[in-house]
Amino acid sequence: MLEQHLTALPIILPLIAAPIALILGRSVLSWGFATLASGLAFLFSWQLLSAALSEGVISYAVGGWAPPWGIELRVDAANAFVLLAVTAISTLVLVYSKDSIEKEVKAANHSLFYTAHLLCLAGLSGILITGDAFNLFVFLEISSLATYTLVSLASDRRCLTAAFRYLVMGTIGATFILIGVGLLYMKTGTLNMMDLAVRIDAYDSSRTINTGLAFIMVGVSIKLALFPLHMWLPPAYTHAPSAVTAFLASTATKVAVYVMIRFIFTVFGIDHVFVDMGMGLILMALAVVAIFKCSYMATVQSNVKTVLAYSSVAQIGYMILGLSLVSVTGLMASMIHIFNHALMKGALFMAVGAVFYRVGSVDIKAFAGLGRKMPLTMAAFTIAGLSIIGVPLTAGFVSKWYLVTAALEQGNWTVAALVLIGSLFAIVYIGRILEAAYFQKLPESRSSENIKEISWLMLVPMWVLVIANIYFGVDTSLTTEAANSASEWLFQTNNILENNMVEGNSQEVSS
Amino acid sequence: MSFILDYYNYWVVVFLMMAGFYIVISANNLVKKIVGLNIFQTSVFMLYISMGKVTGGTAPIVVEGVTQYSNPLPHVLILTAIVVGVATTAVGLSLIVRIKRAYGTVEENEFENKDDAI
């Protein structure tokens, strides 16, 4: 029974748990319940990944309606891999959030926080698992609405305008995706992604489909904060509660990157997107600008959360750069970076949240002298920071390694050089913070304050991520194997579809 | 001329979409921004609804003597999208209520700190 419905469980479980967390009301109860639900979702997605790696595709017909008529849930190596990262981060952040939100969210809103978090998790899992283009839009909006609420829960009033800006931009993005899906349906008469892929192939460069591609690409780019559509991200990440930022920075934009990969590689097909429409060059140019512009912006900010937010936009640039190279290695680098970046940014934002918990500020000046006062937190920040830079033996090195390898495979020396130069910026913006923490003295005015290490409940999830950063930097077999089979799978579906073009199967919908 | 008449539903959609989009970008008042966002979304609802119409088809209810039906699926899809739109509006408006309480204004140019503006 359970195995039969395993595919749907990572969505259903948090979705049902969300209102229960609200009803439980008491902060501790809803925290325990939410963590349990998220932990179970993690176990199920672990099983899903191992099933997907051994069996290939797992298809699940919702309500027993066979695809392409019903909604299909479809798990393969690519989305099971991202799903594992999302549910793992969600569980760790929930463990961390109990103490963290006490300082940043009003006590009356605590159970609301857990409810919104679970809804966001349900939405993100839904986006990953669904095989239906319209269903994807619905889950996207479920996760986005929960996200706006989460951002607005902070006690600083600036979170409200940040959430409002995010809401306006996010809704425009989602509506663009809706228009794109509508245009595709108009031409092909189907919403199932695999079915769409077959039928889109049958049309050679139809203007309706090309317009749909453009709308979907712009909409997803807003959601994943691709430069220059990233303006909602820095304020939202800066003013949201730290636990929310740690969760969003490591999951929400990554899931949007996955949506882009899915639409490019499965639905539209590589030939259509990169050869006919020439999207590769556009994406590559935007990615390179994102890496440089936003890494530079990160070096001049004074708020550490803003520094990391700009760094996130730059890291998204690396992911898009990987997929714009159009090779198995490039896509693999993107997939690995989605996973690894979730590990590093989660740990970094958790460390910053810990500093806020003790010091009450996340300005770079507040970090002065913390290396002695909060040794474990700052050690975690240092290791995760080294991972962002891409120092060997950390996870960040592995993703940069594959990205550079992918660029060199195509003899693209410029891109390889740009990736390495971009990392130099990371040394500057992480280095500034480490310099303040380890080489500056605690200001006299604050020496009387009792600044000490945070509770183990916040330290454990942070250090789990830090150790994961080192583990996946040393033993790369799990990440590379999963990412490799994911990207090979994505390329392979593309070829299968091209070979089995179904002829005369294009049932038109009159318009 | 026929280019305009044959595709008049699309022209309506394009006009509404651009009008809504323009309001979102240009409006100074946050409530007006939400109104613009609503018009923008409504245009997409109309795009979906009009695409389901089959020339000569009736409502998709099984009746004797009728063989051609309009496509009901886009209508069902857009019911979901309308719910999403209502939810977005509700979240947006409740954010505006809290912004009004925190800042004392919902006019974008009246925020004291330029960084806070939307």
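If you're wondering where the values come from, they're calculated on a predicted model, not measured in any experiment.

A. Structural context of the overall build of chain A. Within chain A, the regular secondary structure consists of 20 helices and two strands. In terms of C-alpha radius of gyration, chain A reaches 22 Å, essentially the compact-globule figure of 24 Å for 511 residues. Its C-alpha atoms give chain A principal-axis dimensions of about 80 × 55 × 40 Å. Within chain A, the fraction of its 511 residues that count as buried is 66%. Working note: accessible area of chain A is about 17,100 Å², and carbon and sulfur atoms make up 65% of it. Each charge class in chain A was averaged separately, 26 positive and 27 negative side chains, and the resulting centres sit 17 Å apart.

B. Here's a closer look at the pairing of strand β1 (residues 58-61) of chain A. Residue and element names in this part refer to chain A. Burial along β1 is one-sided: I58 and Y60 are buried, while S59 and A61, pointing the other way, are not. As judged from the four bridges shared by β1 and strand β2 (residues 72-75), these two strands associate in the antiparallel manner. Paired with Y60 across the two strands is L73, which belongs to β2.

C. Representation of the UniProt feature "transmembrane region" (unreviewed entry) in chain B in the model. Residues and elements named next belong to chain B. UniProt tags residues 12-31, 43-63 and 75-97 as "transmembrane region" (unreviewed entry). With 43% helix and 0% strand, residues 43-63 has its two end C-alpha atoms placed 32 Å apart. Between the end C-alpha atoms of residues 75-97 the distance is 33 Å, and the span holds 100% helix and 0% strand.

D. Up close: the interface of chain A and chain B. At the junction of the two partners, chain A supplies 31 residues and chain B supplies 39 residues. A buried area of about 3,300 Å², summed over both sides, lies between chain A and chain B, and 76% of it is on carbon and sulfur atoms. Our enumeration of links across chain A and chain B arrives at zero salt bridges. Inspection of the chain A/chain B interface yields five residue pairs in polar contact (both at pLDDT 80 or more). Looking at the side of chain A that touches chain B element by element, the count peaks at 18 residues for helix α6 (residues 158-188) of chain A.

E. The arrangement of the packing of aromatic side chains in detail. All names here are of chain A. As enumerated under the stated definition, the model contains 20 aromatic pairs over all chains in all. Look at F42 and W46: their rings are 6.3 Å apart centre to centre, the planes differ by 55°, and that puts the pair in the tilted class. Pair noted here: F42 and W46 are both in helix α2 (residues 27-55), with a separation of four residues, about one helical turn. With a relative accessible area of 25%, F42 lands in the partly exposed category.

F. Quick peek at empty space enclosed by the protein. Residues and elements named next belong to chain A. Applying the stated criterion across every chain, the model contains five cavities of 30 Å³ or more. Considered as a void within the structure, the largest cavity measures approximately 120 Å³ in volume. In terms of lining, the largest cavity is formed by 14 residues, of which the most central are L140, S143, S144, K223 and A252. Its residues assigned to classes, the lining of the largest cavity shows nine nonpolar, four polar and one charged.

G. Representation of the environment of A:L323. All names here are of chain A. Residue position: L323 is located in helix α13 (residues 304-324). On the accessibility criterion, L323 (0% relative accessible area) is buried. With ten residues separating them in the primary sequence, L323 and A333 have C-alpha atoms 8.0 Å apart. Once you skip the residues sitting within four places of it in the chain, L323 turns out to touch I261, I264, F265, F274, L283, G330, L331 and S334.

H. Representation of a nonpolar patch on the surface in the model. Residue and element names in this part refer to chain B. Taken together, F3, I4, Y7, Y8, W11, V12, V14, M18 and M46 make up a surface patch of nonpolar side chains, about 900 Å² in accessible area. Counting residues per element, the ones that place at least two in the nonpolar patch are α1 (2-6) and α2 (8-26). Top contributing element to the nonpolar patch by residue count: α2, with five residues. Its location among the elements puts I4 in helix α1. Residue classification places I4 among the partly exposed positions, given a relative accessible area of 44%.

I. Just the confidence of the model for chain A, in detail. Residues and elements named next belong to chain A. Averaged over all residues, the pLDDT of chain A equals 86, while 95% of them reach at least 70. The spread of mean pLDDT over the elements of chain A runs between helix α20 (residues 477-499), the lowest at 74, and helix α5 (residues 133-151), the highest at 93. Note on residues 501-511: pLDDT under 50 across the span, and 20 contacts to partners over four residues away in sequence or across chains.

Conventions and cut-offs
Residues numbered from 1 in each chain as written. Chains lettered and ligands numbered in written order. Predicted model: local features only at pLDDT ≥ 70, side-chain atom pairs only at ≥ 80, totals over all residues. Heavy atoms only, no water. Helix = DSSP H or I, 4+ residues; strand = E, 2+ residues; numbered from the N terminus. Rg over C-alpha atoms; globule rule 2.2 N^0.38 Å. Buried < 20%, exposed > 50% of the residue type's maximum accessible area, 1.4 Å probe, protein only. Areas by Shrake-Rupley, 256 points an atom, 1.4 Å probe, with all protein chains shown as cover. Lys, Arg positive; Asp, Glu negative; His and termini not counted. Charge placed at Lys NZ, Arg CZ, Asp CG, Glu CD. Pairing = 2+ DSSP bridges. UniProt positions renumbered as here; feature names shortened; annotations may be inferred. Contact = heavy atoms within 4.5 Å. Buried area = accessible area lost by both parts, 1.4 Å probe. Salt bridge = Lys/Arg side-chain N within 4 Å of Asp/Glu carboxyl O. Polar contact = N/O pair within 3.5 Å; in protein donor to acceptor, adjacent residues only side chain to side chain. Phe/Tyr/Trp six-rings, centres within 6.5 Å; stacked < 30°, edge-to-face > 60°. 1 Å grid on protein atoms, 1.4 Å probe; cavity = no way out; pocket = protein on both sides within 12 Å on 5 of 7 lines; lining within 4 Å. Points joined across faces, edges and corners; volume = space filled by probe spheres on them. Nonpolar A, V, L, I, M, F, W, Y, C, P; charged D, E, K, R; others polar. Patch = residues over 30% accessible without salt bridge, like charges linked within 9 Å, V, L, I, M, F, W, Y side chains within 5 Å. pLDDT = per-residue confidence, 0-100.

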